[in-house]
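# Survey of secondary and tertiary structure
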Amino acid sequence: MSSIAPRVILVTGANRGIGLAIIQALASHPQTTKDMKKGEEAIQELRSKGITSVVQPVTIDVTSDMSIRNAVNVVQEQHGQLDVLVNNAGYAVIPSASDFSDWRGLYAAVYDINVTSVALTMAHFLPLLRQSPHGGRVINVSSARGSTTLSSSGLLPSTVAIPYSVSKAALNLLTVEMSRDAANKDVEFQLVSPGHCKTALNNYRGVRDPLEGANVVVGLVTAEKAQYKNAGFSETKGASMDLVEIPW
Ligand SMILES: NC(=O)c1ccc[n+]([C@@H]2O[C@H](COP(=O)([O-])OP(=O)(O)OC[C@H]3O[C@@H](n4cnc5c(N)ncnc54)[C@H](OP(=O)(O)O)[C@@H]3O)[C@@H](O)[C@H]2O)c1
């Protein structure tokens with residue numbers, strides 16, 4: 001992928017699932033992990049698949065401001081800029097329908113990882129994204145479950161993972177508002193849905209291979225700036241790399 005080779009791309013939550021698939025597809029960019037050992041193991045997995053390009057693990061727990069700041073320092077010292085930030089780290093939980101005693105904590109945990117931590121990761125990395133000569137780009141991994149239109153129309157069946165869907169709808173508006181901030185006028189923001197992929201998030205009940213789910217991120221990373229509208233919400237279908245708009 002020579003057209004993207006010079007770019008510095010950071011993917012959060014990249015030691016497994018869709019994040020690891022994004023790294024495998026992009027193959028030559030920094031990845032992040034909460035746990036350096038898991039990050040090294042993920043890189044070994046890529047090596048065993050014949051991927052030889054430079055993949056650098058960066059420790060980041062997105063729920064810790066200090067951890068985010070440390071990751072910013074690593075990227076600053078080693079690259080001096082960030083071209084693409086992919087906020088992929090995510091969390092889902094199914095609250096009990098009869099015992100509400102842990103609901104407050106469950107909602108807070110889902111919201112913290114899927115919304116608040118994305119806001120803070122963007123805020124901390126924006127100065128480095130603004131240094132990008134390509135114009136920085138933020139790709140937030142959302143879900144079609146965050147589409148009010150798809151849920152209210154009945155096109156998507158109801159869900160038991162309500163905190164997750166609510167958090168992704170919030171992530172969508174967060175991203176739109178970030179794109180409207182005048183201070184971010186040179187940075188592009190995108191929302192993507194990888195589709196229902198077979199990962200730990202859903203106990204491997206998804207139907208798509210994570211690599212296919214990663215296509216939508218790869219499509220946006222490799223797209224020329226302004227090829228797609230800023231703050232769009234996109235997915236890909238089947239094995240195609242063509243981006244399809246998701247209704248809000
Ligand atoms: N799978 C699907 O069908 C599907 C559909 C739509 C959208 N998505 C979205 O796709 C993204 C990736 O999900 P996935 O399916 O690949 O799930 P996954 O296999 O459960 O992977 C989640 C990743 O997020 C990381 N993570 C969790 N908490 C973190 C934290 N506090 N700090 C840093 N990293 C953290 C995990 O790291 P650890 O291993 O260290 O916990 C892991 O690498 C999520 O945003 C999810 O909402 C998934």
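Described in the following lines is the structure provided in the data block. (Residues numbered from 1 in each chain as written. Predicted model: local features only at pLDDT ≥ 70, side-chain atom pairs only at ≥ 80, totals over all residues. Heavy atoms only, no water.)

Taken as a whole and assessed by the stated rule, the structure comprises five salt bridges. As a salt-bridge pair, K185 and D186 come within 3.4 Å of each other at their nearest N and O atoms. Residues K237 and E235 are paired through a salt bridge, measuring 3.1 Å at the closest nitrogen-oxygen approach. (Salt bridge = Lys/Arg side-chain N within 4 Å of Asp/Glu carboxyl O.)

Nonpolar side chains in soluble globular proteins tend to end up buried together. L82, M122 and F125 are the most contacted members of the largest nonpolar core, which has 31 residues in total. Among the elements of the structure, helix 3 (65-79), helix 4 (103-129), helix 6 (162-180) and strand 6 (188-192) are those that each provide at least two residues to this core. Of the residues forming this core, the biggest block, seven residues, is contributed by helix 4. Setting aside residues no more than four positions away along its own chain, F125 makes contact with L10, I60, I68, A71, V72, V75, L82 and L85. Membership of the second largest hydrophobic core comes to 24 residues, among which are I18, A21, V192 and V221. (Core = buried A, V, L, I, M, F, W, Y, C linked by side-chain atoms within 4.5 Å. Buried < 20%, exposed > 50% of the residue type's maximum accessible area, 1.4 Å probe, protein only. Helix = DSSP H or I, 4+ residues; strand = E, 2+ residues; numbered from the N terminus. Contact = heavy atoms within 4.5 Å.)

Turning our eyes to something else, we now look at the site of the ligand. Every one of the 29 residues lining the ligand counts as a neighbour, but I18, N88, Y164, C197 and T199 are closest to it. One of the backbone N or O atoms of I18 is found 2.7 Å from an oxygen atom in the ligand. In the environment of the ligand, an oxygen atom lies 3.2 Å from a nitrogen or oxygen atom belonging to the side chain of N202. With respect to the pocket detection grid, the ligand is positioned in the largest pocket. (Near = heavy atom within 4 Å. Polar contact = N/O pair within 3.5 Å; in protein donor to acceptor, adjacent residues only side chain to side chain. 1 Å grid on protein atoms, 1.4 Å probe; cavity = no way out; pocket = protein on both sides within 12 Å on 5 of 7 lines; lining within 4 Å. Sits in = over half its atoms within 2 Å of the grid points.)

To continue, consider the layout of surface pockets. Estimated volume of the largest pocket: approximately 1400 Å³. Every residue lining the largest pocket is counted, 50 residues in all, and those nearest its centre are A92, Y164, T199, L201 and N202. Within the residue set of the lining of the largest pocket, elements represented by two or more residues are helix 1 (17-26) and helix 6. Here the residues of the lining of the largest pocket sort into 20 nonpolar, 19 polar and eleven charged. Empty space within the second largest pocket amounts to approximately 180 Å³. Lining the second largest pocket are 14 residues, and of these R16, G17, L20, E45 and P210 sit closest to its centre. Mapped onto the lining of the second largest pocket, the elements with two or more residues apiece are helix 1 and helix 7 (210-222). If you tally residues by element for the lining of the second largest pocket, the top one is helix 1, at four residues. A per-class count over the lining of the second largest pocket returns six nonpolar, three polar and five charged. (Points joined across faces, edges and corners; volume = space filled by probe spheres on them. Nonpolar A, V, L, I, M, F, W, Y, C, P; charged D, E, K, R; others polar.)

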